[in-house]
Amino acid sequence: KAGVTQTPRYLIKTRGQQVTLSCSPISGHRSVSWYQQTPGQGLQFLFEYFSETQRNKGNFPGRFSGRQFSNSRSEMNVSTLELGDSALYLCASSLSRGQSGELFFGEGSRLTVL
Amino acid sequence: KQEVTQIPAALSVPEGENLVLNCSFTDSAIYNLQWFRQDPGKGLTSLLLIQSSQREQTSGRLNASLDKSSGRSTLYIAASQPGDSATYLCAVRPTSNYQLIWGAGTKLIIKP
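This text gives an overview of the structure that appears in the document. None of the values given here were measured: they were computed from a predicted structure.

Parameters and conventions
All chains use their own residue numbering, which begins from 1 and follows the written sequence. All chains are assigned letters beginning at A, and all ligands numbers beginning at 1, according to the order in which they are written. Totals for whole chains, interfaces and linings use every residue, but because this is a predicted model, local features are given only for residues with pLDDT of at least 70 and side-chain atom pairs only at 80 or more, for both listing and counting. Side-chain metrics in this entry use all non-hydrogen atoms of the structure; hydrogen atoms and water are not considered. Note on conventions: DSSP H or I runs of at least 4 residues are helices, E runs of at least 2 residues are strands, and numbering of each starts at the N terminus. In this treatment the radius of gyration is a C-alpha quantity, and the globule benchmark scales as 2.2 Å times the residue count to the 0.38 power. Relative accessibility under 20% of the residue-type maximum defines a buried residue, over 50% an exposed one, and the middle range a partly exposed one, all with a 1.4 Å probe and only protein chains included. The contact definition used throughout considers only heavy atoms, calling two residues in contact when any of these lie within 4.5 Å. Any two rings among Phe, Tyr and Trp, with Trp reduced to its six-membered ring, count as a pair given centres within 6.5 Å; such a pair is stacked if its planes are under 30 degrees apart, edge-to-face if over 60, and tilted if neither. Whenever a nitrogen or oxygen atom comes within 3.5 Å of another N or O atom, the pair is scored as a polar contact, on the condition that within protein one atom can donate a hydrogen and the other can accept it, and that pairs from neighbouring residues in sequence are kept only if both atoms are in side chains. As used here, buried area is the combined drop in accessible area, with a 1.4 Å probe, of two parts when they are placed together. Residue polarity follows a fixed list, in which Ala, Val, Leu, Ile, Met, Phe, Trp, Tyr, Cys and Pro are nonpolar, Asp, Glu, Lys and Arg are charged, and the others, Gly among them, are polar. For salt bridges, the criterion is a side-chain nitrogen of Lys or Arg within 4 Å of an Asp or Glu carboxyl oxygen.

## Re the overall build of chain A
If you tally the helices and strands in chain A, you get 0 helices and 11 strands. When the helices and strands of chain A are listed from N to C terminus, the series reads β-β-β-β-β-β-β-β-β-β-β. Its C-alpha atoms give chain A a radius of gyration of 13 Å, near enough to 13 Å, the size a compact globule of 114 residues would have. For the C-alpha atoms alone, the extent of chain A along its principal axes is close to 40 × 25 × 25 Å. Counting the 114 residues in chain A, one finds 48% classified as buried. For chain A, the share of sequence-separated contacts (at least 6 apart) that also reach a separation of at least 24 residues comes to 54%.

Below, the structure written as structure tokens:
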């Protein structure tokens, strides 16, 4: 059974550009959540999607957005990139949105903004 | 406001030792607590998930306990191996908010 797949794994952008990251959850999983991980701030919740609807959003500016497709695949977009957006972006999937759901993470997309 | 603390931030032990990693949280109103490991530059691997109604979970050499009333969880690793070297993170899911609240992690080094 394939795990959570994130693409691309590594990317380099310059300030002002935008980036789109993709996440394919484990087959059958309908909930996808995104996290930003930096050495200084640790893991921070970005947003959560379930059944193509954003269900929860963290404390990030509007430059960070996402969506989920009918096949549960998700994308997140960051516009007008800033140096501080350099981070490891992690996607996690779970079977449902239930409180008992175990999260499974992908390998992450490492974004470097120059 | 829920806060999760992991102490120590780093730990180095010789191979073969049994060890305990700690995770404490300030609000006992949680659905569950999950332990993960993260290798450098990699994603997170789920180790154990403990529901609020459970006291412990075991997987191989790993045993995680949960004491909601005292706001503590421990991850016990038996007979440690160099391959156990990684950062271990705990996260709680509070009942007030669906978002996971994360500890900063414990960086574990097992010396051969």
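Next comes the rest of the description.
## Some thoughts on the packing of aromatic side chains
Throughout the structure, instances matching the rule amount to 8 aromatic pairs over all chains. One aromatic cluster in this structure is built from A:Tyr35, A:Phe45, A:Phe105, B:Phe36 and B:Trp102.

## So, the side chain of A:Asn56
Mapped onto the elements, A:Asn56 comes out in strand β6 (residues 53-57). The exposure class of A:Asn56 is buried, given its relative accessible area of 15%. In terms of polar contacts, A:Asn56 uses its side chain to reach the side chain of B:Gln99, at 3.5 Å. Leave out the neighbours within four places in its chain, and A:Asn56 touches A:Phe45, A:Phe47, A:Glu48, A:Arg97, B:Asn97, B:Tyr98 and B:Gln99.

## What to know about the interface of chain A and chain B
Contact residues are listed per partner, giving 23 residues for chain A and 19 residues for chain B. Carbon and sulfur atoms make up 51% of the surface buried where chain A meets chain B, a total of about 1,700 Å² over both sides. Connecting chain A to chain B are 6 residue pairs in polar contact (both at pLDDT 80 or more). At the level of elements, β4 (31-38), β5 (42-50), β6 and β9 (87-94) of chain A are the ones that each hand at least two residues to the side of chain A that touches chain B. Class assignment for the residues of the side of chain A that touches chain B results in 7 nonpolar, 9 polar and 7 charged.

## So, the pattern of salt bridges
Residue and element names in this part refer to chain A. This model, assessed by the stated rule, comprises 6 salt bridges over all chains. Of the charged contacts in the structure, one is a salt bridge between Glu75 and Arg67, with a shortest N-O distance of 3.3 Å. By relative accessible area, which is 16% here, Glu75 ends up buried. Notably, a salt bridge pairs Arg73 with Glu75, separated by 3.3 Å at the nearest N-O pair.

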